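Listed below, chain by chain, are the residues.
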Amino acid sequence: MDWWRMIHILSMIWLGAGLGATYPLILKAWATKDVRYQMYCLVEAANNETRILLPGAMATGITGFFWGVSREYNFATDGWLAALTLLYVFFYFVCLPLLGFGLRRARLASLIAYKKGEETAELRAILDDRVPIVFSTLLVLSVPLLAWLAIFKPF
């Protein structure tokens, strides 16, 4: 096994740890009616997203690129690599920033609601919007899809 492959596998574990540290907290925040617990979950999820998930996603992309270069893969002849790259760009340059934006917005609304001691109309509107749930679910579902493309190289 070459060095780039080992480093890439470690960065994928880092990405998985970031998703595992963020996604359950988002689901818990939406499942509860307790404003204090929602605030805790959303603050922790936002912190985990910026501290673990974002660096793991960046490391996965960078190490995957350098591993592909070291193996001399070609975008023109390896269709699976082009598809993998386009999906990575969509998931981690579109979905991940939208998740972060929605999560920070929900965190701020939950902090305001906690300070007031009751659920505010703004927090209810944000929780009904479900932006962090949708994009975090897309990110969690992207991992098996991207892994399938990289492992089986279907085209």
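The structure this text deals with has already been given above.
K.L.:
Looking at this structure, how should I read the overall build of the chain?
P.N.:
Tallying secondary structure elements over the chain gives five helices and zero strands in all. Reading the chain from its N terminus to its C terminus gives the helix and strand order α-α-α-α-α. Projecting the C-alpha coordinates of the chain onto the three principal axes gives extents of approximately 60 × 25 × 20 Å. Expressed as a percentage of the 155 residues in the chain, the buried residues total 40%. Partitioning the intrachain contacts of the chain with sequence separation of at least 6 by distance along the chain shows that 80% fall at a separation of at least 24. Surface exposure of the chain reaches about 8,800 Å², of which carbon and sulfur atoms provide 69%.

K.L.:
Help me understand the pattern of salt bridges, please; the structure alone is not making it clear to me.
P.N.:
Working definition: two side chains of opposite charge can pair if their charged atoms are close together. With the rule as written, the count across this model stands at four salt bridges. One salt bridge connects Glu 49 with Arg 104, and the closest N-O pair in it is separated by 3.1 Å. Residue Glu 49 is located in helix H2 (residues 35–70), and its partner Arg 104 is located in helix H3 (residues 79–116); the two are separated by 55 residues in the primary sequence. A relative accessible area of 1% means that Glu 49 is categorised as buried. In this structure Arg 104 comes out as partly exposed when scored by relative accessible area, which is 37%. Salt-bridge contacts for Glu 119 lead to Arg 124; the nearest nitrogen and oxygen are separated by 2.8 Å.

So, how was this worked out
Residues numbered from 1 in each chain as written. Predicted model: local features only at pLDDT ≥ 70, side-chain atom pairs only at ≥ 80, totals over all residues. Heavy atoms only, no water. Helix = DSSP H or I, 4+ residues; strand = E, 2+ residues; numbered from the N terminus. Buried < 20%, exposed > 50% of the residue type's maximum accessible area, 1.4 Å probe, protein only. Contact = heavy atoms within 4.5 Å. Areas by Shrake-Rupley, 256 points an atom, 1.4 Å probe, with all protein chains shown as cover. Salt bridge = Lys/Arg side-chain N within 4 Å of Asp/Glu carboxyl O.

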